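Architecture and fold: a report
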Amino acid sequence: MAADSIFWSVIIAAFFVSIAIADDPYRFFTWNVTYGDIWPLGVKQQGILINGQFPGPQIEAVTNDNLIINVFNSLDEPFLISWNGIQQRKTSWQDGMWGTNCPIPPGRNFTYALQMKDQIGSYFYFPSLAFHKAAGGFGGIRILSRPAIPVPFAPPDGDFTILTGDWFKANHTGLRAILDNGQDLPFPDALLINGQGPAGVSFTVDQGKTYRFRISNVGLTQSINIRFEGHTMKLVEVEGSHTLQSSYSNLDIHVGQSYSVLVTADQPPRDYHIAISSRFTTPVLSTTAILRYSNGGGGGPPGPPPGGPTIQIDYSLNQARSIRWNLTASAARPNPQGSYHYGMITPSRTIVLANSAVLVNGKRRYAVNGVSFVQADTPFKVADFFNIPGVFSVGSIPDSPPGGDGAALRPAVMGANFRDFVEIVFQNYEDTVQSWHLNGFAFFVVGMDGGQWTSASRLGYNLRDGVSRCTVQVYPKSWTAIYVPLDNVGMWNLRSENWARQYLGQQFYLRVYSPSNSFRDEYPIPRNALLCGRASGRHTRPL
């Protein structure tokens, strides 16, 4: 590991871009990323640990905090961490995706300088390269509101994180080999909760008190449903947005999504199941944690866990439509969330994105608008900064599906203008649920329905209180529409959150461009930026 003097020199270098935010608090982290033995399903696997932990350490922050995270890569291959839902205002240099950052080489370190600028809520981080996500390396992120900003519910008596999702007994290297050979992954072996199998995790509560549960689907492929036996969940936040406080007996959470619910311990004191099962699958995977009343005596729940919903798409679609923005709640700033009247802005551009499963040279690939993404030899953001030609071409993916069944392999980049307000329609012609994520932005979910989207579909849009979030589902043979204010300059990844599909091409990069070249729009390249590919040997500042 590098010496302390190197660590602090990197920290000082990372502060170069923080002049404008120096009044906000700083939090410092040092992470060592290693391989280690894990047994989440009773079988030894090679996991990715952060400071020896699986899942990784929880990040606790307050709105506008600056996080300085020094990541040492002790693996035997390059590594990157990305921050699911953290918008990185003015600095996609910290995004941790291949299109923006050079990977951390084995035996090296990189210091991320992140600011939780005007954000609250529940998120997670994860490793973004080489199918590492299948080995761990993920953890939760909580961003609390500043004390002066009112929150639309009483302070909970406790705050818990649930990181859940599907899991495979095979090591990530074996799974990656399957994908590299052009085959689909097998069906997952199980679901995990906080890195453990059935009944491996418990949450202790006091009778009569209310607790916040932050639930993230950090899995690879499957939507899940969660139930608290005998209790209702009051939904209060989705990926940084306060919601109308509707109550649910069960909640669908799709891959990459995060929700916050309040649960009141208002039942007779004993142990209860927290039941999680896969959605839209045959067979159905199930697992449990325990909700343990402190005065209940323990011993485990006396009966079987509650079953999940048996109605499939219609039930889930109607539940998704019921999730609305709380227009009167303050967000990260004092003004109400609803002060941004997104429904009164006419989009300047409509982008229609259709996913597809294709065969290229006899191997399975996934595509968006007829383009299956492949990595270039140099990250796009780095090539853009140094004006290196031939790495990518803006416009290498069209705004709408071209028709036909094939797909071209290329490093796909779509151009967009800073401060544009765009409509994006995700059109799903396949029989599986899709989950889409856009780095760098929060967007408004204005509509979703079955069938083919047309311009007439806008008549059913929710232009008043559609929730603002960063990950959205698209149901089989259906569409979902979002409005996106492109208020963040940079090179941003738009991808499937089904990680096998992402790995095999269902992603591209959105280059949001400003001609002003001003620090008001985008911070400069950090002095500690790693350089690779055709940018190797260059300098981030003039000598």
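Residues numbered from 1 in each chain as written. Predicted model: local features only at pLDDT ≥ 70, side-chain atom pairs only at ≥ 80, totals over all residues. Heavy atoms only, no water.

1. Remarks on the packing of aromatic side chains
The tally for this structure, following the rule as stated, stands at 31 aromatic pairs. On the basis of an interplanar angle of 85° and a centroid distance of 6.0 Å, the ring pair of F373 and F380 is categorised as edge-to-face. Of the two residues, F373 and F380, neither departs from the other in class, the shared state being buried. Taking the centre distance of 5.5 Å and the plane angle of 70° together, the rings of F421 and Y483 count as edge-to-face. With F421 in strand β27 (residues 421-428) and Y483 in strand β32 (residues 478-485), the pair connects residues that are 62 residues apart, well separated along the chain. Exposure class is identical for F421 and Y483. Each is buried. In this structure, K133 packs its charged tip against the face of F126, placed 5.3 Å from the ring centre. The ring centre of W499 lies 4.9 Å from the NZ or CZ of K133, which sits over that ring. (Phe/Tyr/Trp six-rings, centres within 6.5 Å; stacked < 30°, edge-to-face > 60°. Buried < 20%, exposed > 50% of the residue type's maximum accessible area, 1.4 Å probe, protein only. Helix = DSSP H or I, 4+ residues; strand = E, 2+ residues; numbered from the N terminus. Lys NZ or Arg CZ within 6 Å of the ring centre and 35° of its normal.)

2. Considering unusual backbone geometry
Residues apart from glycine generally show negative phi values, whereas peptide bonds are mostly found in trans. A cis geometry characterises the amide bond from F54 onward to P55, with omega recorded as -10°. Checked against the element boundaries, P55 lands in the loop between β2 (45-50) and β3 (59-62). Looking along the chain, the bond that leaves T282 and enters P283 is cis, with omega of 0°. Despite not being glycine, N369 shows a phi value in the positive range, around 50°. Here N369 shows up in the loop between β22 (363-368) and β23 (371-373).

3. What to know about helix α2 (residues 172-180)
Residues of α2 that are buried: H172, L175, R176 and L179. One side of α2 carries all its buried residues, which in axial view fall inside an arc of 100°. Looking at the buried positions of α2, the neighbouring elements they touch are β1 (26-38), β2 and α5 (499-503). Following α2 by one or two positions, G182 has its phi on the positive side, about 80°. (Arc of directions from axis to C-beta. Contact = heavy atoms within 4.5 Å.)

4. Side note on the pairing of strand β12 (residues 210-217)
Strand residues, when the strand is regular, have side chains that alternate between the two faces of the sheet. Among the eight residues of β12, seven are classified as buried, and the element is accordingly described as predominantly covered. Here seven bridges tie strand β9 (residues 158-167) to β12, and the two strands are oriented parallel to one another. Residue pairing across strands places I162 opposite I215, the latter belonging to β12. (Pairing = 2+ DSSP bridges.)

5. What to know about the sheet that holds strand β4 (residues 66-73)
Here four strands make up an open sheet; going across it, the order is β2-β1-β4-β6 and the pairing mixed. In this open sheet, the two strands that pair with only one neighbour each are β2 and β6 (109-115). Looking at each pair of strands side by side, their axes are set apart by 20° on average, direction ignored. (Axes fitted to C-alpha atoms, helices over the stretch in contact; angles between N-to-C directions.)

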